[in-house]
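Remarks on the overall topology
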Amino acid sequence: MNSSSIKAAPLLLLSLLAGRAVAADGNVFTVGGGAAVGSRYSGSDEHVVAPVLQLDYAMANGLFASTMRGLGYGGRAGPLKYSAALGVRGGRSESDERGIAGKTGSKRLKGMGEIKTTATANFGLSYAIFERVEVSARAELPLSQRDNGASFGVGITGQLYQTPGDSISVSLGANFADSKYARTYYGVNAVQSQSSGYRQFTPKSGLYGVDAGISWTHTFQGKWSLTGMAGASSLSGDAGKSPLTRKKTAPTAAIYVSRSF
């Protein structure tokens, strides 16, 4: 998942959770649900409220199957954590549509055509440079719809507060795109320009956005937890200059409850 998806409301939340893909002490099944708020598409000035559904099965050997993390393997070697998973990057619609996740798409993209859902290979690394500070890197490579391109990211997460019942963390991240990704989600080719009325625009690869977030998790009765987050994503470089970008900086928020078995 990433910010180019219309269904990206839980994006910062997912990025925080994805970094925790490590082997469990035993087989753990977690069920959760809640709601998230984010932009209809990357660069939109419209917002959407979407459900957050967490079904996560983590095995002691590191294998996992999750609605948030995909299907893959995570492990650790000392301060180093690593993960590899198969995932899905949502598409983008050129009209308002109603689905199980609520309204998606935007009339403001009329004439831009549809961006199809992409199957992806997702890789992540994180390293604890201090007891409560981790640096991380990720790569999202397309397995289908390869013209949609690849995205990459680096980040840092710090734990501000930790007790047996509460944990507060902050994160900062930078996101990068290859040329295909940049053109797919922020570009306007000649045909699209004629159909949509937007000026033709060909963005280059490189940094396309930064994000920041804070998350709080409260654990109660042993197996239950409540997680809330708030943050913001800001487009930069050619993505920020795209004629499709109506608002460079957008807030993101989510809250959900979960139970582990």
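Just above, that's the structure.
To keep things clear, this report deals only with the structure shown in the data block. Remember, it's a predicted structure, so these values are computed and weren't measured experimentally. (Residues numbered from 1 in each chain as written. Predicted model: local features only at pLDDT ≥ 70, side-chain atom pairs only at ≥ 80, totals over all residues. Heavy atoms only, no water.)

1. Topic: the packing of aromatic side chains
Going through the model one piece at a time under the given rule, you end up with five aromatic pairs. Note on Tyr186 and Tyr208: the rings are 5.9 Å apart at their centroids and 40° apart in plane angle, and the pair reads as tilted. In this pair, Tyr186 is assigned in helix 2 (residues 179-186) and Tyr208 in strand 12 (residues 206-220), connecting sequence segments 22 residues apart. According to the relative accessible area criterion, Tyr186 is buried, its value standing at 1%. Here a set of aromatic residues connected by ring pairs shows up, and it is made of Tyr181, Tyr185, Tyr186 and Tyr208. Positioned over the ring face of Phe64 is Arg69, at 4.2 Å from the centre of the ring. (Phe/Tyr/Trp six-rings, centres within 6.5 Å; stacked < 30°, edge-to-face > 60°. Helix = DSSP H or I, 4+ residues; strand = E, 2+ residues; numbered from the N terminus. Buried < 20%, exposed > 50% of the residue type's maximum accessible area, 1.4 Å probe, protein only. Lys NZ or Arg CZ within 6 Å of the ring centre and 35° of its normal.)

2. Looking at the side chain of Ser242
By the secondary structure assignment, Ser242 is in the loop between helix 4 (237-241) and strand 14 (249-260). Relative accessible area serves as the criterion here: at 3%, Ser242 is assigned to the buried category. In this structure the side chain of Ser242 is engaged in a polar contact, spanning 2.7 Å, whose partner is the backbone oxygen of Tyr186. Not counting the four nearest positions on each side in its chain, Ser242 is found in contact with Tyr186 and Phe201. (Polar contact = N/O pair within 3.5 Å; in protein donor to acceptor, adjacent residues only side chain to side chain. Contact = heavy atoms within 4.5 Å.)

3. Here we look at the sheet that holds strand 14
The strand order around the closed barrel formed by twelve strands is 1-2-3-4-5-8-9-10-11-12-13-14, and the pairing between neighbours is antiparallel. Averaged over all adjacent pairs, the angle separating strand axes in this sheet is 20°, with direction ignored. Sheet topology note: the strand 1 (residues 28-39)/strand 14 ladder contains eight bridges and is antiparallel. Directly across from Ala36, in strand 14, lies its bridge partner Ala254. Across the sheet, helix 2 touches strand 5 (80-89), strand 8 (118-130), strand 10 (151-162), strand 11 (166-177), strand 12 and strand 13 (224-235), and the angle it forms with strand 11 is around 100°. (Pairing = 2+ DSSP bridges. Axes fitted to C-alpha atoms, helices over the stretch in contact; angles between N-to-C directions.)

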